Amino acid sequence: MNELVISSAASLGAAVAAGQVSAEEVTRAHLDQITEAEPQVNAFLHVATEEALAQARAVDARRAAGEQLGPLAGVPLALKDVLTWTKAPTTCGSKMLEGWVPPYDATVTRRLVDAGIVIVGKTNLDEFAMGSSTENSAYGSTRNPWDTDRVPGGSGGGSAAALAAFEAPLAIGTDTGGSIRQPASVTGTVGIKPTYGGVSRYGLVAMASSLDQVGPCARSVLDAALLHEVIAGHDPMDSTSIDQPVPAVVDAARHADVSGMRIGVVRELGGAGYAPGVERRFREAVELLTRLGADVVEVSCPTFGHALPAYYLIQPSECSSNLARFDAMRYGLRVGDDGTTSAEEVMARTREAGFGDEVKRRIILGTYALSSGYYDAYYGSAQKVRTLIIEDFNRAWADCDVLVSPTTPTTAFRIGERTDDPVAMYQADLCTLPASLAGNAAASFPVGLAPEDGLPVGLQVMAPPLADDRLYRVGGALEAALAEEWGGPLWRQLPELEGVA
Ligand code: GLN
């Protein structure tokens, strides 16, 4: 494997800025790795070869002209296919938008391009980001590079798998109920869900607007922090964007130190029902944090157990409203328009043909939960539970700087294992949903391999709104201590890296 593709984004950016390697060389190495890995992994829906090389050459030209480059200029990135980019189709993993090229860039896309980051392609996902395994994509499943018979998590399995397969050192994910953290956990990568409102949603195809959040994904904590700084910050184009300074995440990652930090272990997230290897690596990570000087206490958040049913009412409700825009009249698929059919029939036929089973299930569920007579019983009750969850968090913040739990109850499950059982699929989000409903910052960091199956385990860290820097303090401290123990980062233990320098 080419040395460039196993390098960190920080070191690639520094090498490009110093003229030790060109952005074009770095990009070509990753495009070659994509060609090599894609037949097994299927992380990308679209590889933007020519466009990526053009972006890379533009970075090289800026450097040649004496311009001071940013820390990630010339570094390749994989963009989840739910953010608009005028240079490639945005499909959201759905037949509904097959081939649709958007007329504008998302704010996040614009900030990436302005920073000189090279977008190499759009990554696979569960259709419209609904799912926990990337099996709901209309374009086939993505496979987990640790074991290609397993899922890479979801909905952002493509972005996480692209990192784990060395197809890019940086990726963008979106997290509505866990779609950055859960894939990070099961692929042994780093995924951060910033505070809700911390990163602009302008140009993000909406799924559940009160929950959707864009965030950085990488193989290392510092790389994620550098990317976080590029994409975060106020955007007048998004009315829920927070007009406050971005937390000092790069500083926190560089000077990661947990001594004196108060860390709460959430009693309700763990124990019975969790895979033994997940439990074991989680406990060991907590012990390690204690040895590193953190003050660890147990906290109880009794309403967290209700997060799953509350989420699976609120999310479908919002998505049933958001997805009404796919009506065959304005953009995307249009079926049955032969001059004899009514507009209503075209809409119905298009939705029948364009949406997959899970999307239809959620639209039906959400429409029902919002309908008159049921609104108070379902949607209204779920919103009250959401408030109780926020109150549980607020009580915990009185005693703790961050909360921790496993990110997922199990390691990566087998492809096909849960596709016939939506509730089993939803359970993969058990630990990630509370922070989504509350709008907190949260992250997943790799903490080892489960002894029973040799698959990655993630530690979830949750922080109060706008305290995203605390995630990086914990993640950075853990990463450094674990690398010492393992003799390198977790991804070094990937089976295919055996024998690679
Ligand atoms: N798995 C959750 C769902 O299916 C979360 C998805 C997400 O965060 N985009 O809704």
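Residues numbered from 1 in each chain as written. Predicted model: local features only at pLDDT ≥ 70, side-chain atom pairs only at ≥ 80, totals over all residues. Heavy atoms only, no water.

1. What about the nonpolar core?
Thinking step 1. Judged by nonpolar contacts, the single largest core of 156 residues is most densely connected at Leu112, Phe128, Ile172, Leu403 and Tyr472.
Thinking step 2. Ignoring any residue separated from it by four or fewer positions in sequence, one finds Tyr472 in contact with Ile192, Pro216, Val221, Ala224, Ala225, His228, Val249, Ala252, Ala253 and Ala256. (Core = buried A, V, L, I, M, F, W, Y, C linked by side-chain atoms within 4.5 Å. Buried < 20%, exposed > 50% of the residue type's maximum accessible area, 1.4 Å probe, protein only. Contact = heavy atoms within 4.5 Å.)

2. Considerations on the packing of aromatic side chains
Thinking step 1. Following the criterion strictly, the structure yields 15 aromatic pairs and no others.
Thinking step 2. Relative to Trp397, the ring of Phe393 lies with its centre 5.6 Å away and its plane at 20°, an arrangement referred to as stacked. Here Phe393 and its partner Trp397 are both found in helix 13 (residues 376-399), four residues apart, which amounts to about one turn of the helix.
Thinking step 3. Owing to a relative accessible area of 1%, Phe393 belongs among the buried residues under this scheme.
Thinking step 4. Every member of this aromatic cluster is reached through a ring pair, and the members are Trp100, Phe128, Phe326, Tyr331 and Phe355.
Thinking step 5. The side chain of Arg219 reaches across the aromatic face of Trp491, ending 5.7 Å from its centre.
Thinking step 6. Positioned over the ring face of Phe413 is Arg418, at 4.0 Å from the centre of the ring. (Phe/Tyr/Trp six-rings, centres within 6.5 Å; stacked < 30°, edge-to-face > 60°. Helix = DSSP H or I, 4+ residues; strand = E, 2+ residues; numbered from the N terminus. Lys NZ or Arg CZ within 6 Å of the ring centre and 35° of its normal.)

3. A word on the pairing of strand 2 (residues 76-80)
Thinking step 1. Among the five residues of strand 2, five are classified as buried, and the element is accordingly described as predominantly covered.
Thinking step 2. In strand 2, alternate side chains face the same way, and those of Pro76, Ala78 and Lys80 on one face and Leu77 and Leu79 on the other are all buried.
Thinking step 3. Where strand 2 meets strand 3 (residues 118-123), five bridges bridge the pair, whose relative direction is parallel. Within the sheet, the bridge partner assigned to Ala78 lies in strand 3 and is Gly121.
Thinking step 4. Between the parallel elements strand 2 and strand 3, the chain passes through helix 4 (residues 107-114) in a crossover that is right-handed.
Thinking step 5. Here strand 2 runs beside strand 4 (residues 170-175); their pairing, made up of three bridges, is parallel. Bridge assignment links Leu77 to a residue of strand 4, and that residue is Leu170. (Pairing = 2+ DSSP bridges. Right-handed = clockwise from strand over helix to strand, strands pointing away.)

4. Thoughts on the site of the ligand
Thinking step 1. With respect to spatial proximity, 15 residues lie near the ligand, and among them Thr176, Gly177, Ser179, Tyr311 and Arg362 are the closest.
Thinking step 2. The contact in question runs from an oxygen atom of the ligand to an N or O atom on the side chain of Tyr312, over 3.4 Å.
Thinking step 3. Taken together, the residues of the shell around the ligand sort by class into five nonpolar, seven polar and three charged. (Near = heavy atom within 4 Å. Polar contact = N/O pair within 3.5 Å; in protein donor to acceptor, adjacent residues only side chain to side chain. Nonpolar A, V, L, I, M, F, W, Y, C, P; charged D, E, K, R; others polar.)

5. Considering the side chain of Ser155
Thinking step 1. Checked against the element boundaries, Ser155 lands in the loop between strand 3 and helix 5 (157-164).
Thinking step 2. You can call Ser155 buried: its relative accessible area is 0%.
Thinking step 3. Filtering out sequence-adjacent residues up to four positions away, Ser155 remains in contact with Lys80, Asn124, Leu125, Asp126, Ala129, Met130, Gly131, Thr134 and Ser179.

6. Some thoughts on the environment of Tyr274
Thinking step 1. By secondary structure assignment, the location of Tyr274 is in the loop between strand 7 (262-266) and helix 9 (276-291).
Thinking step 2. Those residues in contact with Tyr274 that lie beyond four places of it in its chain are Leu269, Glu279, Pro406, Thr408, Pro409, Leu430 and Cys431.

7. Remarks on the pairing of strand 6 (residues 213-218)
Thinking step 1. Of all six residues that make up strand 6, six are buried, and the element is covered over most of its length.
Thinking step 2. Here strand 6 shows a buried face lined by Gln213, Gly215 and Cys217 and a second buried face lined by Val214, Pro216 and Ala218.
Thinking step 3. As paired elements, strand 4 and strand 6 share six bridges and run antiparallel to each other. In the sheet register, Thr174 faces strand 6, and the bridge partner there is Val214.
Thinking step 4. As paired elements, strand 5 (residues 190-193) and strand 6 share two bridges and run antiparallel to each other. Of the residues in strand 6, the one forming a bridge with Val190 is Ala218.

8. Describing the confidence of the model for the chain
Thinking step 1. Across the chain, the average pLDDT comes to 97, with 99% of residues at or above 70.
Thinking step 2. Mean pLDDT across the secondary structure elements of the chain bottoms out at helix 14 (residues 422-426), with 94, and peaks at strand 2, with 99. (pLDDT = per-residue confidence, 0-100.)

9. Considering the packing of helix 4 against helix 7 (residues 221-231)
Thinking step 1. Taken N-terminus to C-terminus, the directions of helix 4 and helix 7 make an angle of 115°; their axes are 8 Å apart at the nearest point. Of the possible angle classes, the one that applies to helix 4 and helix 7 is roughly perpendicular. Seen from above, helix 4 lies across helix 7 with right-handed handedness. Two secondary-structure elements touch here, helix 4 through Val108, Arg111 and Leu112 and helix 7 through Leu227, Val230 and Ile231.
Thinking step 2. Among the residues making up the contact of helix 4 with helix 7, the classes are represented as five nonpolar, no polar and one charged. (Axes fitted to C-alpha atoms, helices over the stretch in contact; angles between N-to-C directions. Parallel < 35°, antiparallel > 145°, perpendicular 65-115°, else oblique. Left-handed = near helix turned anticlockwise from the far one by under 90°.)

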